[in-house]
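Listed below are the residues making up each chain.
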Amino acid sequence: MKQNLQQIKKAKLGDAAAFAELYRDIYADLYRFALYTLKNPTDAEDAVSETVTDAFTSIRKLRQEESFSSWIFKILSVKCKKRFQEIATLPEELLRDIPDEGSMGNIAVYMDLRRQFFRLSDEERLIISMHIFAGYSSTEIAEILHMNANTVRSKESRALKKLSDQLEAPVRQ
């Protein structure tokens, strides 16, 4: 994703139209990330909406214009994590009413996968989500996060291994 540094600079100076243009350019990626993370269109829309509101009110704090994408995705990651934690604390009788997510098999497996995913570090979740859920290549992620592409691939590989190991570990009572 090519960032328009001029628009980011204008937005930092309070130009709402410039921020709206930035939002228009990144909305689909933000929504895709939130939808794949939360698996619920309403929750995804809410998370993106909260993210954009927070980003708009705090964009002046953005230190480097080149970091806009990673900055806004980190905000979204926090919003998704917060929403997931809210869902995880729902009473069990309410969880039974949540429809099965198709390929996930059953809600217990689905919730365990999400629980383990959110035990990964912020950076690990961000890299995995940007690649798997938002469709960014390791080169694009590296550019957005100001990392080496090999570092991104290595971190993603370790995070996926960690996630796999967590899911395969026997449940401790």
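Further up the page is the structure itself.
In this report, the structure presented in the accompanying data block is examined. (Residues numbered from 1 in each chain as written. Predicted model: local features only at pLDDT ≥ 70, side-chain atom pairs only at ≥ 80, totals over all residues. Heavy atoms only, no water.)

1. Concerning the packing of aromatic side chains
- Applying the stated rule across the entire model yields seven aromatic pairs.
- Measuring from centroid to centroid gives 5.9 Å for Tyr-27 and Tyr-31, while their planes differ by 15°, and the two rings are stacked. Placement of the pair is Tyr-27 and Tyr-31 together in helix 2 (residues 16-38), with a separation of four residues, close to one helical turn.
- Its relative accessible area of 31% is what places Tyr-27 among the partly exposed residues.
- The exposure class of Tyr-31 is buried, given its relative accessible area of 18%.
- Note on Phe-117 and Phe-118: the rings are 5.3 Å apart at their centroids and 80° apart in plane angle, and the pair reads as edge-to-face.
- We classify Phe-117 as buried; its relative accessible area is 8%.
- Look at Phe-118 and you get buried, because its relative accessible area is 9%. (Phe/Tyr/Trp six-rings, centres within 6.5 Å; stacked < 30°, edge-to-face > 60°. Helix = DSSP H or I, 4+ residues; strand = E, 2+ residues; numbered from the N terminus. Buried < 20%, exposed > 50% of the residue type's maximum accessible area, 1.4 Å probe, protein only.)

2. Looking at the pattern of salt bridges
- Counting across every chain of the model gives eight salt bridges.
- The residue Glu-123 makes a salt bridge to Lys-155 at a minimum N-O spacing of 2.8 Å. Placement of the pair is Glu-123 in helix 7 (residues 122-133) and Lys-155 in helix 9 (residues 149-168), with a sequence separation of 32 residues.
- The shortest N-O distance in the salt bridge between Asp-165 and Lys-161 comes to 2.9 Å. Residue Asp-165 and its partner Lys-161 are located together in helix 9, separated by four residues, close to a single helical turn. (Salt bridge = Lys/Arg side-chain N within 4 Å of Asp/Glu carboxyl O.)

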